[in-house]
Amino acid sequence: MTELGPVAWPPAQIRTERLVLREPEARDRAAFIELHASPEVYTYLGGPRPRDELEREMPELSGRLPGSFVVDLDGAMIGQILLRRTTEHRRPAAVGKVDLGYLFLPRAWGFGYATEACAAALDWVDGVLPGEPVVLTTQTANLGSMRLAAKLGFTEVERFQAWDAEQWLGLRLPVTPSA
């Protein structure tokens, strides 16, 4: 059991044209610290954590982080995809659904990697949890994330105020096979 329910974890690697989605490994620790310490990455997420704090507190990665995929480009981590079952949320429409989250290092922005990786993760969800809707929350000020949500097929459920900013909650209905 994982945070997604009866899904075996870790899954097999997911390969796209350019990327590999895989479980975290010990070699990814420095990239995770860089990701969580980045002011650019955390502009819409409440601000970065201090690097020295992350160095002290981030455990060595064992690979067993249910719901977490490393996005790997040519053998190096460039981002993270998170898939979690929403148990608590500021909005009732999100509770109980699979929640898609993603973080990418700034050097990986602008190349379509987030679209490619998130689409692959959503395809994986469709395969292991058929019929499951997926939600995504972002700040409306995060225009890149808003564009990505639209490309991935999320439609607005509602907007709400949280963390001193307008938030956007989107829903992607499950893909249904055509008859």
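All of these numbers come straight from a predicted model, not from anything done at the bench.

Trainee: Lay out the side chain of R29 in plain terms, naming residues and giving numbers.
Mentor: Here R29 is to be found in helix α1 (residues 29-37). Polar side-chain contacts of R29 include one of 2.9 Å to the backbone oxygen of M58.

Trainee: Requested: an account of the sheet that holds strand β1 (residues 14-15), with residues and values cited.
Mentor: Read across the sheet, eight strands follow the order β1-β2-β3-β4-β5-β6-β8-β7 without closing on themselves; strand pairing throughout is mixed. Edge positions in the sheet fall to β1 and β7 (155-162), since each of these pairs with one other strand and no more. In the sheet, strand β5 (residues 98-104) pairs with strand β6 (residues 134-139) via two bridges, with the strands oriented parallel. Within β6, the residue paired with V98 across the bridge is V134. Of the strands in this sheet, β3 (68-73), β4 (76-85) and β5 touch α1, which is tilted by about 70° from β4. Those strands touched by helix α4 (residues 143-151) are β5, β6, β7 and β8 (165-172), and its axis lies near 160° from that of β6.

Trainee: If you had to explain the confidence of the model for the chain to someone new, which residues and values would you point to?
Mentor: Mean pLDDT over the chain: 89, with 92% of residues reaching 70 or higher. Mean pLDDT values for the elements of the chain range from 89 in helix α2 (residues 51-57) up to 97 in strand β2 (residues 20-22).

Trainee: Lay out the environment of V70 with the relevant residues and their values.
Mentor: In this structure, V70 sits in strand β3. Under the relative-accessibility criterion, V70 is labelled buried at 0%. Once the C-alpha coordinates of V70 and L19 are considered, the two residues, 51 residues apart in sequence, prove to be 9.9 Å apart. Beyond its immediate stretch of four places on either side in the chain, V70 contacts V20, L21, R22, E23, P24, D28, F32, M77 and G79.

Trainee: Please provide a residue-by-residue account of the pattern of salt bridges, values included.
Mentor: In this structure the tally under the stated criterion is 15 salt bridges. As a salt-bridge pair, E25 and R22 come within 3.9 Å of each other at their nearest N and O atoms. The closest approach of N and O atoms between R159 and E166, which form a salt bridge, is 3.4 Å. Beyond isolated ion pairs, a larger network of salt bridges with shared partners links R22, E25, R27, D28 and D72.

Trainee: Can you break down α1 residue by residue, with the values?
Mentor: The buried fraction of α1 amounts to seven of the nine residues, a majority that puts the element mostly inside the structure. Residues of α1 that are buried: R29, A31, F32, I33, L35, H36 and A37. Residues of α1 that are buried sit in contact with α2, β3, β4 and β5.

Trainee: So what about α4? Which residues, and what values?
Mentor: Turning to α4, its buried residues are S145, M146, L148 and A149. Projected onto a plane normal to the axis of α4, the buried residues spread over an arc of 160° and lie on a single side. Along α4, the residues that are exposed and aim more than 90 degrees away from the buried face are L143, R147, A150 and K151. Where α4 ends, the next residue or the one after it, G153, has phi of about 90°, a positive value.

Trainee: Give me the packing of aromatic side chains: which residues, what numbers.
Mentor: This model, assessed by the stated rule, comprises two aromatic pairs. Where F69 meets W124, the ring centres are 5.4 Å apart and the plane angle is 85°; that geometry is what we call edge-to-face. Linking F69 in strand β3 with W124 in helix α3 (residues 113-128), this pair joins segments that are 55 residues apart in sequence. A relative accessible area of 2% means that F69 is categorised as buried.

About the thresholds
Sequence order as written defines residue numbering, which begins from 1 separately in each chain. Confidence filtering applies because this is a predicted model: local features only for residues at pLDDT of at least 70, side-chain atom pairs given and counted only at 80 or more, and all residues used for totals across whole chains, interfaces and linings. Note that water and hydrogens are dropped before the side-chain values are worked out from all heavy atoms of the structure. Think of it this way: any DSSP run of H or I at least four residues long counts as a helix, any run of E at least two long counts as a strand, and we number them from the N terminus. For the purposes of these results, a polar contact is taken to be a pair of N or O atoms within 3.5 Å, where, inside protein, one atom must be able to donate a hydrogen and its partner to accept one; residues adjacent in sequence count only when each atom of the pair is a side-chain atom. Strands were regarded as paired on the criterion that DSSP finds at least two bridges between them. The contact criterion used throughout is that any non-hydrogen atoms of two residues lie within 4.5 Å. Here, axes are lines fitted to C-alpha atoms. For helices the fit covers the stretch in contact, and angles between N-to-C directions go from 0 to 180 degrees. As a per-residue quantity, pLDDT reports the predictor's confidence and falls between 0 and 100. Here's how the labels work: a residue is buried when its accessible area is under 20% of the maximum for its type, exposed when over 50%, partly exposed in between, all with a 1.4 Å probe on protein chains only. Whenever Lys or Arg places a side-chain nitrogen within 4 Å of a carboxyl oxygen from Asp or Glu, that contact is recorded as a salt bridge. As used here, the arc is the angular range of directions from the helix axis to the C-beta atoms. Aromatic pairing here means that ring centres of Phe, Tyr or Trp (its six-membered ring) are within 6.5 Å. Orientation follows from the plane angle: under 30 degrees is stacked, over 60 is edge-to-face, and everything else is tilted.

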